[in-house]
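Working through the structure, step by step
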Amino acid sequence: MTDIKTNDVSQHGRISRILLLGASGQLGRGLSRLYGRRNDVTLIEAHRNHREASQRLDITDVEAICSAIAELKPDVVINAAACANVDRCEVEPNETERANVEGAAAVALACERQRAWCVHFSTDYVFNGEDGPYRSTDPVAPLNAYGRQKARAEQEVLERCSNAIVLRVSQVYDGPAHPVGFVKRLLEADEKSETLVVSRSLFCTPVHVADILQRIDQLLGSGTRGLFHVAGPDHVSRFEALLLAKKALGLSRVRLQPIDKTPEQRAPRPALAGLVDDPTGPDAAAPRSIEMHLSGQANGID
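Reading the values: the criteria
- Residues numbered from 1 in each chain as written.
- Predicted model: local features only at pLDDT ≥ 70, side-chain atom pairs only at ≥ 80, totals over all residues.
- Heavy atoms only, no water.
- Core = buried A, V, L, I, M, F, W, Y, C linked by side-chain atoms within 4.5 Å.
- Buried < 20%, exposed > 50% of the residue type's maximum accessible area, 1.4 Å probe, protein only.
- Helix = DSSP H or I, 4+ residues; strand = E, 2+ residues; numbered from the N terminus.
- Contact = heavy atoms within 4.5 Å.
- Phe/Tyr/Trp six-rings, centres within 6.5 Å; stacked < 30°, edge-to-face > 60°.
- pLDDT = per-residue confidence, 0-100.
- Salt bridge = Lys/Arg side-chain N within 4 Å of Asp/Glu carboxyl O.
- Expected span 1.5 Å × (residues − 1).
- Axes fitted to C-alpha atoms, helices over the stretch in contact; angles between N-to-C directions.
- Parallel < 35°, antiparallel > 145°, perpendicular 65-115°, else oblique.
- Left-handed = near helix turned anticlockwise from the far one by under 90°.

Observations regarding the nonpolar core
The biggest cluster of nonpolar side chains holds 28 residues, and the ones touching the most others in it are Leu 31, Ile 78, Phe 121, Leu 167, Ile 212 and Ile 216. Elements supplying a minimum of two residues to this core: strand 2 (17-21), helix 1 (26-36), strand 5 (76-79), strand 6 (117-123), strand 7 (164-169) and helix 7 (209-222). Among the elements that take part in this core, helix 7 stands out by supplying six residues, more than any other. When near neighbours in sequence (up to four residues on either side) are disregarded, Ile 216 contacts Leu 31, Tyr 35, Ile 78, Val 119, Phe 121 and Leu 167. Ala 81, Val 107, Ala 153 and Leu 227 belong to the second largest nonpolar core, which has 26 residues in total.

Brief notes about the packing of aromatic side chains
For the structure shown, the criterion picks out three aromatic pairs. Ring geometry for Tyr 125 versus Tyr 146: centroids 6.0 Å apart, planes at 75 degrees, classification edge-to-face. Here Tyr 125, found in the loop between strand 6 and helix 5 (145-160), pairs with Tyr 146, found in helix 5; they are 21 residues apart in sequence, far enough to count as distant.

Let's talk about the confidence of the model for the protein chain
A residue-level look at the protein chain finds 91% of positions with pLDDT of 70 or above and a mean pLDDT of 90. Contacts for the low-pLDDT stretch residues 6-13, under 50 throughout, to residues beyond four places or in other chains number 18 contacts.

Considerations on the pattern of salt bridges
Under the definition given, this model contains 12 salt bridges. A salt bridge links Asp 174 to Arg 33; its shortest N-O distance comes to 2.6 Å. In this pair, Asp 174 is assigned in the loop between strand 8 (172-173) and helix 6 (181-191) and Arg 33 in helix 1, connecting sequence segments 141 residues apart. Of the two residues, Asp 174 and Arg 33, both sit in the buried class. The partner of Asp 260 in a salt bridge is Arg 200, with the nearest N and O atoms 2.6 Å apart. Taken together, the positions of Asp 260 in the loop between strand 14 (255-259) and helix 9 (290-294) and Arg 200 in the loop between strand 9 (195-199) and strand 10 (203-204) put the pair 60 residues apart, joining distant regions of the chain. Look at Asp 260 and you get exposed, because its relative accessible area is 51%.

Structural notes on helix 7
An α-helical segment advances 3.6 residues per turn. Residues three or four places apart therefore align on the same side. Taking 1.5 Å as the rise per residue, helix 7 with 14 residues should run 20 Å; its terminal C-alpha atoms sit 20 Å apart, in good agreement. Judged by how many residues are buried, helix 7 sits mostly within the fold: 10 of 14 residues are covered. The complete set of buried residues in helix 7 reads Val 209, Asp 211, Ile 212, Leu 213, Arg 215, Ile 216, Gln 218, Leu 219, Leu 220 and Gly 221. Just beyond helix 7, the residue with positive phi is Gly 223, at close to 65 degrees.

A word on the packing of helix 1 against helix 7
Between helix 1 and helix 7, whose axes approach to 9 Å, the crossing angle comes to 65 degrees. On the basis of the axis angle, helix 1 is roughly perpendicular to helix 7. As helix 1 packs across helix 7, the resulting crossing turns out to be right-handed. Counted together, Leu 27, Gly 30, Leu 31, Leu 34 and Tyr 35 of helix 1 and Val 209, Ala 210, Ile 212, Leu 213, Ile 216 and Asp 217 of helix 7 form the full contact between these two elements.

Re unusual backbone geometry
The linkage connecting Gly 132 with the following residue, Pro 133, adopts the cis geometry, with an omega of 0 degrees. Position of Pro 133 among the secondary structure elements: in the loop between strand 6 and helix 5. Of note in this structure, Lys 73 is not a glycine but carries a positive phi near 50 degrees.

Looking at helix 1
The element helix 1 is extensively covered by neighbouring structure, given that eight of its 11 residues are classed as buried. For helix 1, the full list of buried residues reads Leu 27, Gly 28, Gly 30, Leu 31, Ser 32, Arg 33, Leu 34 and Tyr 35. Where helix 1 is buried, its residues touch strand 2, strand 3 (42-47), strand 5, strand 6, strand 8 and helix 7.

Quick notes on the environment of Val 166
Within the element layout of this structure, Val 166 appears in strand 7. Residue Val 166 is classed as buried on the basis of its relative accessible area of 0%. Sequence separation of Val 166 and Thr 205 is 39 residues, and the distance between their C-alpha atoms is 17 Å. Those residues within four positions of Val 166 in sequence are excluded, and the remaining contacts are His 120, Ser 122, Glu 154, Val 157, Leu 158, Gly 226, Leu 227 and Phe 228.

Set out below in structure tokens:
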């Protein structure tokens, strides 16, 4: 964990405009929904598909990104845009690097010029998965192109923007009213009474979107920059994560079948991955478990 205090941005009232890049992606949708409930900030949503956001911005269009940040003058840019298709990164490293590295670096530089905060997201795939869960002080050792790109992006963002926050996360999910990640996969399978074949050799630390937003607020509110892990307390296999979610949601039609060996994929995955959460202050709330987030939400109340 890099823990560097700067000026307290929230107490001085400078956080009023937030530009959210990748607003219709998996993480972006959740952040957009939660920020949309608040009246203390103006949220500007951006995505490469204009129909799904208020601004059309492609993270690979460096010139357009820089121009938009200069024109919109946000106080904070939250960059949730990336190519998270791990196998595609392995097959098309040059193309995906434009989004995952070059685009991230451009956003950070534009934030520095605008004197805005830059919030960037990374992954537990920067580690090799031999001895997880990992602390933010552990050395990176990615197994695949996606992990290498995200590790490089972390460095670029922290070097180019003096007010940068890099958050590593693992297996992001949301409630059944707005499902993403494994919760969405589980609900869709339950509706069709399907069987999901799920790995019990790949480990993670699932984290709810609401806990990620809370951590962003904590760091911005204290004016703290650096690299942090945001991780739920469950260090579980992917099979166990779905099992916990299924039980919490009271789903009966979907069946879960564990497998010990993961199917052959183009990119190797870190097996014993996952992250150790970084407390960001004595009053900082820790992320909650899958059970605590999802219990009682079978009817989509969120």
